[in-house]
Amino acid sequence: MSINEEVVKALRIAMSAHEGQTDLQGNSYIQHPMRVSQLVVDFFTNEPLYIKRAQVVAMLHDVIEDSDVSSDDLLRSGVSSTVVADVVRLTKAHSQMPAQYLDCIKQSRVATAVKFADLIDNTAPGRLVQLKSADKKRLQEKYRFYYTCLLGVDFCYNGAQPKDHPLVRMLGERLAR
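What you see is a predicted model, and the numbers here were worked out from it, not measured in a lab.

**Overview of the environment of Val114**
Next up, step 1: Along the chain, Val114 falls in helix α8 (residues 109-122).
Next up, step 2: For Val114, the contacting residues outside a window of four places in its chain are Val36, Val40, Ala54, Val57, Ala58, His61 and Leu90.

**Topic: the packing of aromatic side chains**
Next up, step 1: Applying the stated criterion across every chain yields a total of 3 aromatic pairs.
Next up, step 2: Judged by centre distance (6.4 Å) and plane angle (55 degrees), the rings of Phe145 and Tyr146 are tilted.
Next up, step 3: Under the relative-accessibility criterion, Phe145 is labelled partly exposed at 36%.
Next up, step 4: For Tyr146, a relative accessible area of 5% puts it in the buried group.

**Regarding the layout of surface pockets**
Next up, step 1: Taken as a whole, the largest pocket holds about 540 Å³ of empty space.
Next up, step 2: Around the largest pocket, the lining is made up of 24 residues, and of these Tyr29, Asn122, Leu139, Lys142 and Tyr143 lie nearest the centre.
Next up, step 3: Of all the secondary-structure elements, those providing two or more residues to the lining of the largest pocket are α4 (63-66), α8 and α9 (133-150).
Next up, step 4: Broken down by element, the lining of the largest pocket gets its largest block of residues, 5 residues, from α9.

**Considering the side chain of Asn122**
Next up, step 1: Note that Asn122 resides in helix α8.
Next up, step 2: One polar contact links Asn122 to Arg127, side chain to side chain, over a distance of 3.4 Å.
Next up, step 3: If we ignore the near neighbours within four places in the chain, the residues touching Asn122 are His32, Arg127, Leu128 and Tyr143.

**Some details on the nonpolar core**
Next up, step 1: Val40, Phe43, Leu60, Leu74 and Val114 are the most contacted members of the largest nonpolar core, which totals 47 residues.
Next up, step 2: Mapped onto this core, the elements with two or more residues apiece are α1 (3-17), α3 (48-60), α4, α6 (81-89), α7 (98-105), α8, α9 and α10 (166-176).
Next up, step 3: Top contributing element to this core by residue count: α8, with 8 residues.
Next up, step 4: In this structure Val40 touches Ala54, Gln55, Ala58, Ala113, Val114 and Ala117, once residues within four positions along its chain are discounted.

**Topic: α8**
Next up, step 1: The first and last C-alpha atoms of α8 sit 20 Å apart over 14 residues, in line with the 20 Å expected at 1.5 Å per residue.
Next up, step 2: Burial analysis of α8 places 14 of its 14 residues in the buried class, which makes it a mostly covered element.
Next up, step 3: Where α8 begins, one side-chain oxygen reaches toward the backbone nitrogen of Val110, 3.3 Å away; that side chain belongs to Ser108.

**Concerning the side chain of Ser108**
Next up, step 1: Assignment of secondary structure puts Ser108 in the loop between α7 and α8.
Next up, step 2: The class for Ser108 is buried, based on a relative accessible area of 4%.
Next up, step 3: A polar atom in the side chain of Ser108 sits 3.3 Å from the backbone nitrogen of Val110.

**Remarks on the pattern of salt bridges**
Pairing between side chains of opposite charge can happen when their charged atoms approach one another.
Next up, step 1: For the coordinates displayed, the defined rule picks out 9 salt bridges.
Next up, step 2: Two residues, Arg127 and Asp23, come together in a salt bridge whose shortest N-O distance is 3.2 Å. Placement of the pair is Arg127 in the loop between α8 and α9 and Asp23 in the loop between α1 and α2 (31-39), with a sequence separation of 104 residues.
Next up, step 3: With a relative accessible area of 11%, Asp23 lands in the buried category.
Next up, step 4: Here Arg89 ties to Asp86 by a salt bridge, and the two come within 2.9 Å at their closest N and O atoms. Of the two residues, Arg89 and Asp86 both sit in helix α6, 3 residues apart, roughly one turn of that helix.
Next up, step 5: Residue classification places Asp86 among the buried residues on the basis of a relative accessible area of 0%.
Next up, step 6: Through salt bridges with shared partners, a single network forms among Asp23, Arg35, Asp121 and Arg127.

The rules behind each value
Residues numbered from 1 in each chain as written. Predicted model: local features only at pLDDT ≥ 70, side-chain atom pairs only at ≥ 80, totals over all residues. Heavy atoms only, no water. Helix = DSSP H or I, 4+ residues; strand = E, 2+ residues; numbered from the N terminus. Contact = heavy atoms within 4.5 Å. Phe/Tyr/Trp six-rings, centres within 6.5 Å; stacked < 30°, edge-to-face > 60°. Buried < 20%, exposed > 50% of the residue type's maximum accessible area, 1.4 Å probe, protein only. 1 Å grid on protein atoms, 1.4 Å probe; cavity = no way out; pocket = protein on both sides within 12 Å on 5 of 7 lines; lining within 4 Å. Points joined across faces, edges and corners; volume = space filled by probe spheres on them. Polar contact = N/O pair within 3.5 Å; in protein donor to acceptor, adjacent residues only side chain to side chain. Core = buried A, V, L, I, M, F, W, Y, C linked by side-chain atoms within 4.5 Å. Expected span 1.5 Å × (residues − 1). Salt bridge = Lys/Arg side-chain N within 4 Å of Asp/Glu carboxyl O.

Interpretation in functional terms is not warranted from these geometric data alone.
Okay, structure coming up:
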């Protein structure tokens, strides 16, 4: 299967899994993984194989957590075991402590990049301001914790540490407000 076919397959799976779901602003939920899939490209500009894998993972990153699709379902549908492993890393179990969750994500360069892209999309101008005050405060605290923990990763994106990446710096500026 070509890399582009994998991205299209991931989009179809995500669209089916998120059908009828909305985000906290009332928008169709599928828009979020689609935006994350586009944002993650910037983390791997000189690595086309990572770009496509990251796009597939980004498209599927909330499928297990927010629908009745399982990792076995993804494997049966032909999604690669490497992609499924990253999607599982990005799926927070209810009993899992946030630090454990982030430690699991940091085991994969792709999962870490997808989580940064997820946080960037979730803190986009216009998204948080539409939330109720209590939701906004809760999410900002959660995102600050995730951002701080993820900065401890010990690998580079295109030769730069994650904290030096322009999108990650932008995220830090948003969360500092």
